[in-house]
Amino acid sequence: IVAVGTDAEIDKLKSAATRVVDLKGRTVISGLIDNHAHYMRAAEYWNREVRLDGVTEHKKALQLIAAKVRQSKPGEWIMTLGGWSEEQFTDEKRGFTKAELDEIAPANPVVLQLIYFRIYTNTTALKALGVDEKAPDPARGKFEKNAQGLPTGVFNGAGAVAWTLTKLGEVAATQMQANASALMHNLNSVGLTAYQEMGGRGFGPQHIAPFAALAKAGQLTMRVFYNYWQDPSSPADVDRVIANIANVKPFQGDDWFDNTGYGETVYFPLHDNLMVPSSNPSPEGLQLWHRIAQAVANQGLHLNVHAQHSGSIKAFLTEIEAIHKVRPIKGLRWTFSHLDQVDADDIARMKRLDMYGQIHSRPSIQGVLMLKIHGDKAYDMPPLRLIQDSGIPWGLGSDATAVTPVNPFYTLGWAVTGKMIGGTQVLRQTISREQALIAHTRSNSYFLFEESNLGSLIPGKYADLVVLDRDYLTVPADEIKDIKPIMTMVAGKVVYGGVP
């Protein structure tokens, strides 16, 4: 960006070689940044996915799945790997029966993942997965069966979800690279121009490789930053991870593709879950957690820590305070992700450590579930107003693609109105639309260590911007979720849409 100003001021910079683009009064905002997502992993099966993000009718969801079946060859997998909830449907708040999936997909295996705790399948998928009346339940999961002992097509529990995802087959490297490109174009279409990758289930070098290849070829259409992600689950794993941390060297890339640090999981058994009422990290687990976090500090790395429940937040803060006395962490931008149950005392402790907060829009589809589990206090999960007023550095993101939708305007709409997809009020502590937009742009640039380059439309920063179909600052608040980009630009080049 060379300059900003009035028409008259900018006209003075025009030469005979200047191309003038008339946006006809459209609103332009800085490119939206997602501070925490799992897109590299999502790219693996992106070509087989049917996304139900923002779909508010069960019948419409079935129509989308049926359309994907018609576009597919017999035997090809049809998947929806999260990003939706039964509670977002306004016609029928339910999942999917084997019978209705059989009707629309008689020759294609269908797997519909509900967040991280349920799978809906059809008969063809049951056969492909080898699940019959004799199949033993997977660890931490259950194959639901009817009165006759036959599988219903419903798999319950996180273990059943994880088991299913291991059975979907390997994807060729060329296909994964094509999927990565297609996924980025989809992200561009909703106004995203940069994001931070947080790894996840089964995550490994094979998921980074397609994006690295596109970066090397100069074919990225958004800026990709990632953390070194491990999921140690035993003392032996901890020893291995600590040895690996000694070799992590962030910031060896560029402002298109780079490693920014370590996280979000520190020690996997302490990776808490909002679908249970509380967390109480064990002393043994915290000792192992501390060893890894201390190694990260000793290496001078940025750390991102998954923490949702009050019990986790307070326990991790105690460990970080102890680590800080050995190796000060100020300046490393250590960050808590999620912070659904953070309180004022936690925030004060974080501020003394110069820690940041990443807040995510999971209530946009999980809000009703959270109310069932946590009662009235779920209306303050997360306490957006408290966080905003505290002055702590923080930003908005999605945590997509399994536990939330991708679209940042869903996140912005939720933060401003407190409503989930489908319209149910689930959040009490909302913020202004200006505060929400800053949190999804300028504030997020700090998590990428790119605040000098990204996040606002000022001279000297990169021309990452989005042209909107309506004015974010003046549309009715309930319409923020419906805003659509008509053009997205990264580094001064159009990556989605065109001049209106």
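Here the structure is shown first, and the text comes after it.
Each value, and the rule that gives it
- Residues numbered from 1 in each chain as written.
- Predicted model: local features only at pLDDT ≥ 70, side-chain atom pairs only at ≥ 80, totals over all residues.
- Heavy atoms only, no water.
- Helix = DSSP H or I, 4+ residues; strand = E, 2+ residues; numbered from the N terminus.
- Rg over C-alpha atoms; globule rule 2.2 N^0.38 Å.
- Buried < 20%, exposed > 50% of the residue type's maximum accessible area, 1.4 Å probe, protein only.
- Contact = heavy atoms within 4.5 Å.
- Areas by Shrake-Rupley, 256 points an atom, 1.4 Å probe, with all protein chains shown as cover.
- Lys, Arg positive; Asp, Glu negative; His and termini not counted.
- Charge placed at Lys NZ, Arg CZ, Asp CG, Glu CD.
- Polar contact = N/O pair within 3.5 Å; in protein donor to acceptor, adjacent residues only side chain to side chain.
- Pairing = 2+ DSSP bridges.
- Axes fitted to C-alpha atoms, helices over the stretch in contact; angles between N-to-C directions.
- Right-handed = clockwise from strand over helix to strand, strands pointing away.
- Core = buried A, V, L, I, M, F, W, Y, C linked by side-chain atoms within 4.5 Å.
- Phe/Tyr/Trp six-rings, centres within 6.5 Å; stacked < 30°, edge-to-face > 60°.
- Lys NZ or Arg CZ within 6 Å of the ring centre and 35° of its normal.
- Salt bridge = Lys/Arg side-chain N within 4 Å of Asp/Glu carboxyl O.
- Expected span 1.5 Å × (residues − 1).
- Arc of directions from axis to C-beta.

Turning next to the overall build of the protein. Each helix and strand in the protein was counted, giving 16 helices and 17 strands. For 500 residues, the compact-globule formula gives about 23 Å, and the C-alpha radius of gyration of the protein, at 23 Å, lands near that figure. In terms of its C-alpha atoms, the protein occupies a principal-axis envelope of roughly 80 × 55 × 45 Å. Per-residue burial over the protein gives 55% buried out of 500 residues. In the protein, once contacts between residues fewer than 6 apart in sequence are set aside, the share between residues at least 24 apart is 74%. For the protein, the accessible area works out to roughly 20000 Å², and carbon and sulfur atoms hold 53% of it. Looking at charge distribution, the protein has the averaged site of its 50 positive side-chain charges lying 2 Å from that of its 52 negative ones.

Here H374 shows up in helix α13 (residues 363-374). For H374, the side chain forms a polar contact with the main-chain oxygen of L274, separated by 2.8 Å. Not counting residues up to four positions away in its chain, the partners in contact with H374 are L274, V276, P277, H309, Q341 and M381.

Two orientations exist for strands paired in a sheet by backbone hydrogen bonds: parallel and antiparallel. With parallel pairing, the 8 strands of this open sheet are ordered in space as β2-β8-β9-β10-β11-β12-β13-β14. In this open sheet, the two edge strands, each paired with only one partner strand, are β2 (32-37) and β14 (394-397). Averaged over all adjacent pairs, the angle separating strand axes in this sheet is 25°, with direction ignored.

You can see M176 is positioned in helix α7 (residues 173-189). Taking the C-alpha atoms as reference, M176 lies 9.8 Å from A42; in sequence the two are 134 residues apart. Once residues lying within four places of it in the same chain are set aside, the contact partners of M176 are E44, V171, Q206, H207 and P210.

Looking along a regular strand, one sees the side chains alternate between the two faces of the sheet. With 5 of its 5 residues buried, strand β11 (residues 303-307) lies for the most part within the structure. Side chains of β11 alternate between two faces, with L303, V305 and A307 and N304 and H306 buried alike. Where strand β10 (residues 257-264) and β11 come together, 3 bridges link them in parallel fashion. Within β11, the residue paired with E264 across the bridge is V305. As paired strands, β11 and strand β12 (residues 335-338) are joined by 4 bridges and run parallel to one another. Among the inter-strand pairings, H306 is bridged to a residue of β12, identified as S337. For the crossover from β11 across helix α11 (residues 310-326) to β12, the handedness is right-handed.

What follows covers the environment of P106. Note on placement: P106 falls in the loop between α4 (98-104) and β4 (110-114). Among the residues examined, P106 registers a relative accessible area of 62% and is labelled exposed.

Here we take up the sheet that holds strand β5 (residues 118-121). Reading across the sheet, the 5 strands line up as β3-β4-β5-β7-β6 and stay open at both edges, with mixed pairing between neighbours. Sheet topology places β3 (78-81) and β6 (142-145) at the edges, where each strand pairs with a single neighbour. Taking each pair of neighbouring strands and ignoring which way they run, the sheet shows an average axis angle of 20°. With 3 bridges connecting them, β5 and strand β7 (residues 151-156) associate as antiparallel partners.

With that out of the way, let us pick up the nonpolar core. Membership of the largest hydrophobic core comes to 88 residues, with the highest contact counts inside it found for W334 and F336. Counting residues per element, this core draws most heavily on helix α10 (residues 283-298), at 8 residues. Ignoring any residue separated from it by four or fewer positions in sequence, one finds F336 in contact with V305, A307, I313, F316, L317, I320, M350, M355, Y356, G357 and Q358. Within the second largest apolar cluster, 26 residues are counted, among which are F89, V110, L114 and I365.

Once that is clear, we can look at the packing of aromatic side chains. Counting across every chain of the model gives 14 aromatic pairs. Between F155 and W163 the ring centres are 6.4 Å apart and the planes differ by 75°, which places this aromatic pair in the edge-to-face class. When the centroid spacing of 5.8 Å and the interplanar angle of 50° are considered together, the rings of Y228 and Y262 count as tilted. Here the residue Y228 occupies a position in strand β9 (residues 223-228), and Y262 occupies one in strand β10, the gap between them amounting to 34 residues. Take Y228: its relative accessible area is 24%, and that puts it in the partly exposed class. Take Y262: its relative accessible area is 0%, and that puts it in the buried class. A connected cluster of aromatic rings, assembled from ring pairs, spans W84, F89, F96 and Y120. Taking the ring centre of W256 as reference, the NZ or CZ of R223 above it sits at 4.5 Å.

The next thing to look at is the pattern of salt bridges. Inspection of the entire model under this criterion finds 25 salt bridges. With a closest N to O distance of 3.0 Å, D469 and R470 form a salt bridge. Judged by its relative accessible area of 23%, D469 falls in the partly exposed class. Among the charged side chains, a salt-bridge network with shared partners connects E49, R51 and D53.

A few words on helix α8 (residues 205-216). Between its first and last C-alpha, α8 extends 16 Å over 12 residues, near the 16 Å set by a 1.5 Å rise per residue. Every buried residue belonging to α8 is among H207, I208, P210, F211 and L214, and all of these are buried. Down the axis of α8, the sector holding all buried residues measures 155°, keeping them to one side. In α8, the exposed positions angled more than 90 degrees off the buried face are occupied by P205 and K216.

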